[in-house]
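Fold and contact review
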Amino acid sequence: MTSTARIPSPATRALALLERAFLISPYFMIMASGGKDSNVLFPLLEILQRRHPSVRAAACHWYLPVPGLDCVERPIHVLRRRLGDCPVFYVPHYTLPDHLWLGDMRPRTRETGPRAKTLKATECEDAARLQFAAHLSGLPDGIVRELAAQSLNEMDEDGKRPKVVVDGLKVDPWRDIWVLGGQRSRDSLERRAMISGFRKQKDAFGIATGGAVGLNMKERRVYPVHDWTADDVLAYCRATNCPPAAPLGGKNTTNLDPSNPQVMAVLRDRYPRDYEKVLAIFPGARAEGDR
């Protein structure tokens, strides 16, 4: 006797994860790269927002190599309007200091390495969480951006960055805000292990946090499309009229790498204004054939 039970669609499974997160907090921040996997998070969150009007949304863009590249950011601004013109917070990508160092100086050595300030992905995320928490608390965005930038640029005597303290926060950046990522298990074995490991999370007392595959309860992160295929993503993009990601050569569609000659050649030919913006910071990144 065969089963007639229907397998939930990818969108249904994704929304079930978002519903679980909503039961804890209604604040969601999309890590928006401009690529297809993060683009589909906007219409999914739009559905959740229609179901629950208390949902508040924001987008965070980790820019690389410079902010304001239209080819990368256009989808983000088109999609954020579907969430009530939700704010977009800009944070440097954690690899940007390495690009700046290698572009202007030389490869790291034992002597030069300690002088170059590195960034961690969690530090960039924390800066965005602070900006969103301040926005939700009614504080001026500009002041918080300054404090967030300060946290990324300063180090104490032990080589660690001090935590930023923002007075007047009514929303806890790390307990009340969910970070939405477009990571998928099929991207790599490491990513699959990361996304699956949330089931085993325990708190400081050894009690299970209630996490699940794709749901990081302890650190307030959720990956709604973790079990989607690339075809699932593309099909949902078409079904929900998501703008396409910019073609930047080969499989590269996000995190524009100024050291990649193929990417720079595509940027020069298709997005000349963005090409000039990159060259203003990385003059040595000219595409082959340019003088």
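One can find the structure itself at the top, above this paragraph.
The structure contained in this document is the topic of the report that follows. (Residues numbered from 1 in each chain as written. Predicted model: local features only at pLDDT ≥ 70, side-chain atom pairs only at ≥ 80, totals over all residues. Heavy atoms only, no water.)

With that settled, consider helix α11 (residues 272-281). Restricting attention to buried positions, one finds in α11 the residues Asp 274, Tyr 275, Val 278 and Leu 279. Buried residues in α11, looked at end-on, bunch into an arc of 140°, giving them a common side. Within α11, the exposed residues directed more than 90 degrees away from the buried face are Arg 273 and Ala 280. Buried residues in α11 make contact with α4 (70-80) and α10 (261-270). (Buried < 20%, exposed > 50% of the residue type's maximum accessible area, 1.4 Å probe, protein only. Helix = DSSP H or I, 4+ residues; strand = E, 2+ residues; numbered from the N terminus. Arc of directions from axis to C-beta. Contact = heavy atoms within 4.5 Å.)

Where helix α1 (residues 10-22) contacts helix α3 (residues 41-51), the two axes come as close as 10 Å, and the packing angle between them is 55°. Taken together, α1 and α3 sit at an angle that is classed as oblique. When the axes of α1 and α3 are compared, the crossing they make is right-handed. Contacts between α1 and α3 pair Ala 11, Ala 14, Leu 15, Leu 18 and Glu 19 from the former with Leu 44, Leu 45, Ile 47, Leu 48 and Arg 51 from the latter. Grouping the amino acids of the contact of α1 with α3 by side-chain chemistry returns eight nonpolar, no polar and two charged. (Axes fitted to C-alpha atoms, helices over the stretch in contact; angles between N-to-C directions. Parallel < 35°, antiparallel > 145°, perpendicular 65-115°, else oblique. Left-handed = near helix turned anticlockwise from the far one by under 90°. Nonpolar A, V, L, I, M, F, W, Y, C, P; charged D, E, K, R; others polar.)

This brings us to the pairing of strand β2 (residues 56-63). Extensive coverage of β2 is indicated by the burial of seven of its eight residues. Across five bridges, strand β1 (residues 27-31) lies against β2 in parallel orientation. Paired with Tyr 27 across the two strands is Arg 56, which belongs to β2. Pairing between β2 and strand β3 (residues 88-92): five bridges, direction parallel. Opposite His 61, over in β3, you have Tyr 90 as the bridge partner. Taken together, β2, α4 and β3 constitute a β-α-β crossover, and its handedness is right-handed. (Pairing = 2+ DSSP bridges. Right-handed = clockwise from strand over helix to strand, strands pointing away.)

The next subject is the packing of aromatic side chains. Counted by the stated rule, this structure contains four aromatic pairs. Each ring, one from Phe 198 and one from Tyr 223, has its centre 5.8 Å from the other, and the planes form 15°; the classification is stacked. Residue Phe 198 is found in the loop between α8 (189-196) and β5 (215-216), and its partner Tyr 223 is found in the loop between β6 (221-222) and α9 (230-239); the two are separated by 25 residues along the sequence. You'll find Phe 198 and Tyr 223 in the same group, each marked buried. Consider the rings of Trp 228 and Tyr 236, whose centres lie 5.4 Å apart with planes at 80°: the pair is edge-to-face. Pair check on accessibility: Trp 228 and Tyr 236 agree, each one buried. (Phe/Tyr/Trp six-rings, centres within 6.5 Å; stacked < 30°, edge-to-face > 60°.)

This part covers the pattern of salt bridges. With the rule as written, the count across this model stands at 13 salt bridges. Between Arg 184 and Asp 187 there is a salt bridge, with its nearest N and O atoms 3.5 Å apart. Overall, Arg 184 belongs to the buried group, its relative accessible area being 7%. (Salt bridge = Lys/Arg side-chain N within 4 Å of Asp/Glu carboxyl O.)

Our focus in this paragraph is the sheet that holds β2. Two orientations exist for strands paired in a sheet by backbone hydrogen bonds: parallel and antiparallel. Pairing within the open sheet is mixed, and its six strands lie in the order β3-β2-β1-β4-β6-β5. If you trace the sheet from one side to the other, it starts and ends with β3 and β5, each paired once. Where β1 lies against strand β4 (residues 177-180), four bridges are found, and the strand directions are parallel. When the sheet's bridge partners are listed, Phe 28 is paired in β4 with Trp 178.

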